[in-house]
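Architecture and fold: a report
Listed here are the chains, written in short residue letters.
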Amino acid sequence: MSVEAAPFPAVGRCAGLCALLHRPSGCAGLLLLGTIATSCLAAPFVAMLLGTDPETIDLLARLQPPTPTHPLGTDELGRDLLLRLLYGGRVSLFTGLLAALLAAALGTAIGVVAGYVGGRVDAFLMRLTDAVIALPLLPLLIVLAAVDLAKLGLPADFASGSVASVLRIVTIVALFGWTTVARLARAATLSLREREFVLAARALGASDWRIVLVHILPGAASSIVVATTLSIGNVILAESVLSFLGLGIQPPLASWGSMLTHAQELVFEAPWLALWPGLLIFATVLGFNLLGDGLQQALDPRRREGPS
Amino acid sequence: MRRVVARRAFETAILLLVVSFAIYALIGLMPGDPIDLMISADPRVTSADAARLKALYGLDRPLVERYGRWLASALTGDFGYSRLYGQPVVAVLLPRLFNTLLLMGPSLILALALALPAGVLCALRPASRLDATLNLLAFAGFSLPSFWLALLLILLFSVVLGWLPAGGVASPDGGDLLDRARHAVLPVLTLTLLTAGSFLRFVRAALLETLSDDYVRTARAKGCGLRRVVLVHALPNAALPIVTVVALHMGTLLSGALVVETVFAWPGTGRLVYDAILGNDYNLALAALMLATLLTLSANFLADLLYLRLDPRIREGV
């Protein structure tokens, strides 16, 4: 994205937001995500307006093209596609955000410890990060998704429930999504560790915990936010692929990915079933990637050319 | 330099070992085991028989011991029999590996052929309209869900236009080389579009970083043209991070291949992993996953070697 000077100096508390809004990518990302999130939140309202719900099966009205009662048509069981998209979006966004937050927490912990402790710990943790990055992700995700939770000692009725299917996918995706955050958090910690204010804090007798929590984390926060935003896109993609393969979100719950599972067989009869869920995944991931790019430009002083 | 190589080889081997153990342990946690499958296939099997069978196959032994035995025979090249295909695992895997490489090779080359010139163009005129457009396309490229892109291409080229087949490696009557190539177009195109975007971003970033170096300014000050500076001075140096990124992308490419192979019914390794895991074919799943891991890790190892060759600073151990 183009790097432009902000037309006027951003002042005070809104500086970050203003800087973000002056990047075309940040603006576009916010707009895309805002539209999608608002629509998904408004799902019950849309359901009321249409006078139906996403679970009502009507086999006589299956695979219908768009009509006034079903603005985007119906799926293979005659359920309203628009409502299923909106409710499915809630699941996709929720799992994506939760997994990204979990991944960010894990990555921050690993990165900050590696950068702060240094030495062998650092070498080990970074080799670990490189190793995870190098692994063929999807095949391993499939193995994890196929693991029988009951064999891990969890109660059988919990293991087969929807909550478990969401939590499982969140955990799995987070286990692989932390690497970018860890790298950036480590880099930020390394440079902050040697700064005068950290030395001063240490000279005053601050404990390592205090130095990390009070002096290093706030300084590393912008890198962490950028890396997290950029990784949400990948996390949502990973969830959608697993759900598409039938290993992620399980029915009766639906996510955009799982809505595409049967779309391929029906691609001749009902191409719109293949079109919409994928388009929403694409728009959401693109939104997060653009937002991340905008944030990076707004928060990274080296890439910001205008006065701040 | 030899010491560095030896250390990296050692680390790669250790990592492979750790991953193989993790996969072995995880596969044991999947629903059903071989004896369960025998029981469901034959109603006369009693629980006493099942216990006896478990002891016979060593399935009652501790995990570490079972893993040790698997590893010992795997090291001699014996990965056991595939339950789904009734053939030795190696005989199932090798033709599939060839099919996967048939997808990955051309798409890797095509993606680089697209991304290199585009990335250079972007880096030459950062913040221009061209740069913004190409960047947006790149963002779109790596934001696309792989399976959806595959579906869209099928929708466009097979359903609407009817130009290309929607799946498989060849027509039912065998098919000549042209027919096989026609079947490969859509899968290769999907993989290419998925990877070209991030390659472009990396080429651009690497080149921009290099272009701000002192020696580039010196070359410019001597009166060197921009084109010459980029192609002769900057690009070879920017090649280092690009090589790394491409090698690190082997895993992503393999993951993409898995999805593409599933959607296009292309009999490759990725699809095999999926089928083997869902079909409770333990031996096959293990071997296929190990092969996938080996493939990406050796790509990384090769990248390290290349890095050593390209960068004298590392070679001299500075």
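Parameters at a glance
- Residues numbered from 1 in each chain as written.
- Chains lettered and ligands numbered in written order.
- Predicted model: local features only at pLDDT ≥ 70, side-chain atom pairs only at ≥ 80, totals over all residues.
- Heavy atoms only, no water.
- Helix = DSSP H or I, 4+ residues; strand = E, 2+ residues; numbered from the N terminus.
- Buried < 20%, exposed > 50% of the residue type's maximum accessible area, 1.4 Å probe, protein only.
- Contact = heavy atoms within 4.5 Å.
- Lys, Arg positive; Asp, Glu negative; His and termini not counted.
- Charge placed at Lys NZ, Arg CZ, Asp CG, Glu CD.
- Domains from an automatic or database assignment.
- Buried area = accessible area lost by both parts, 1.4 Å probe.
- Salt bridge = Lys/Arg side-chain N within 4 Å of Asp/Glu carboxyl O.
- Polar contact = N/O pair within 3.5 Å; in protein donor to acceptor, adjacent residues only side chain to side chain.
- Nonpolar A, V, L, I, M, F, W, Y, C, P; charged D, E, K, R; others polar.
- Phe/Tyr/Trp six-rings, centres within 6.5 Å; stacked < 30°, edge-to-face > 60°.
- Core = buried A, V, L, I, M, F, W, Y, C linked by side-chain atoms within 4.5 Å.
- Patch = residues over 30% accessible without salt bridge, like charges linked within 9 Å, V, L, I, M, F, W, Y side chains within 5 Å.
- Areas by Shrake-Rupley, 256 points an atom, 1.4 Å probe, with all protein chains shown as cover.
- Expected span 1.5 Å × (residues − 1).
- Arc of directions from axis to C-beta.
- Axes fitted to C-alpha atoms, helices over the stretch in contact; angles between N-to-C directions.
- Parallel < 35°, antiparallel > 145°, perpendicular 65-115°, else oblique.
- Left-handed = near helix turned anticlockwise from the far one by under 90°.

So, the overall build of chain B
A count of helices and strands for chain B gives 13 helices and zero strands. When the helices and strands of chain B are listed from N to C terminus, the series reads α-α-α-α-α-α-α-α-α-α-α-α-α. Along the three orthogonal principal directions, the C-alpha set of chain B runs to about 85 × 55 × 30 Å. Taken over 318 residues, chain B has a buried fraction of 43%. For chain B, contacts bridging at least 24 residues in sequence account for 72% of all contacts bridging at least 6. In chain B, 27 side chains carry a positive charge and 21 a negative one; their mean positions are 10 Å apart.

A look at the domain arrangement of chain B
Residues and elements named next belong to chain B. The domains assigned to chain B are domain 1 (2-75) and domain 2 (89-312). A separation of 33 Å is found between the C-alpha centroids of domain 1 and domain 2. Counting from both sides, the interface comprises 19 residues of domain 1 and, opposite them, 14 residues of domain 2. Interface of domain 1 and domain 2: buried area, both sides summed, is about 1,600 Å²; carbon and sulfur atoms make up 82% of it. Summed over the shared surface of domain 1 and domain 2, the number is zero salt bridges. Where domain 1 touches domain 2, the interface holds zero residue pairs in polar contact (both at pLDDT 80 or more). Elements with a contribution of two residues or more to the side of domain 1 that touches domain 2: helix H1 (2-28) and helix H2 (34-41). With 12 residues, H1 is the single largest residue contributor to the side of domain 1 that touches domain 2. Partitioned by chemical class, the residues of the side of domain 1 that touches domain 2 number 14 nonpolar, three polar and two charged.

A short note on the packing of aromatic side chains
Inspection of every chain in the model, using the stated rule, returns eight aromatic pairs over all chains. Measuring from ring centre to ring centre gives 4.3 Å for A:Phe244 and B:Phe147, while their planes differ by 10 degrees; the resulting arrangement is stacked. Of this pair, A:Phe244 sits in helix H11 (residues 208-244) while B:Phe147 sits in helix H7 (residues 146-160), on two different chains. Here the two residues A:Phe244 and B:Phe147 agree in accessibility, since each one is buried.

With respect to the nonpolar core
Counting 125 residues, the largest nonpolar core has A:Ile142, B:Ile27, B:Phe147 and B:Ile277 as the members making the most contacts within it. Take this core: its biggest share by element is 13 residues, from helix H13 (residues 271-299) of chain A. Split by domain, this core shows at least three residues from each of two domains, domain 1 (2-75) and domain 2 (89-312) of chain B. Ignoring anything within four residues of it in the chain, the contact list for B:Phe147 reads A:Ser240, A:Val241, A:Phe244, A:Leu260, A:Ile281, B:Val259 and B:Val263. By size, the runner-up hydrophobic cluster in this structure holds 20 residues, among which are B:Ala115, B:Ala118, B:Val203 and B:Val245.

Focus on a nonpolar patch on the surface
Residue and element names in this part refer to chain A. A cluster of nonpolar residues, Phe94, Leu98, Val163 and Leu167, forms a patch on the protein surface that exposes about 350 Å² of accessible area. Contributions of two or more residues to the nonpolar patch are made by helix H4 (81-117) and helix H8 (162-177). Along the chain, Phe94 turns up in helix H4. Residue Phe94 is classed as partly exposed on the basis of its relative accessible area of 48%.

A few points about helix H4 (residues 63-75) of chain B
Residue and element names in this part refer to chain B. With 13 residues, H4 extends 18 Å from end C-alpha to end C-alpha; this agrees with the ideal 18 Å at 1.5 Å per step. For H4, the complete set of buried residues consists of Tyr67, Trp70 and Ala74. Each buried residue of H4 lies within a common arc of 65 degrees when the element is viewed along its axis, so the set occupies one face. In H4, the exposed positions angled more than 90 degrees off the buried face are occupied by Val64, Arg69 and Leu75. Tucked inside the fold, the buried residues of H4 contact H1 and helix H12 (282-310). Gly77 occupies a position one or two residues after H4 and carries a positive phi of about 90 degrees.

What about H1(B)?
The terminal C-alpha atoms of H1(B), which comprises 27 residues, lie 39 Å apart, in line with the 39 Å expected from a rise of 1.5 Å per residue. Every buried residue of H1(B) is accounted for by B:Arg8, B:Thr12, B:Val19, B:Ser20, B:Ile23, B:Tyr24 and B:Ile27. Contact partners of the buried residues in H1(B): helix H5 (119-134) and helix H6 (137-146) of chain A together with H4 and H12 of chain B.

Focus on the pattern of salt bridges
Where side chains of opposite charge bring their charged atoms close, a pairing between them can arise. Residue and element names in this part refer to chain B. All chains considered together, the criterion is met by 11 salt bridges over all chains. Ionic pairing is found between Asp214 and Arg217, a salt bridge with its closest N-O pair at 3.6 Å. In this pair, Asp214 and Arg217 both sit in helix H9 (residues 214-221), three residues apart, roughly one turn of the helix. For the pair shown, Asp214 and Arg217 are each scored as exposed. For Asp275, the salt bridge is made with Arg271, and the minimal N-O distance between the two is 3.9 Å. With Asp275 and Arg271 both in helix H11 (residues 269-278), this residue pair falls four residues apart, about one helical turn. Accessibility expressed as a relative area gives 23% for Asp275, which makes it partly exposed.

Concerning the packing of H11(A) against H13(A)
All names here are of chain A. Two numbers describe how H11 lies on H13: the axes approach to 9 Å, and their chain directions differ by 165 degrees. Classified by the interaxial angle, the pair formed by H11 and H13 is roughly antiparallel. Two packed elements cross with a definite hand, and for H11 against H13 that hand is left-handed. Along the contact surface, H11 presents Ser222, Val225, Val226, Thr229, Leu230, Ile232, Gly233, Ile236, Leu237 and Ser240, while H13 presents Ile281, Thr284, Val285, Phe288, Asn289, Leu291, Gly292, Asp293, Leu295, Gln296 and Leu299.

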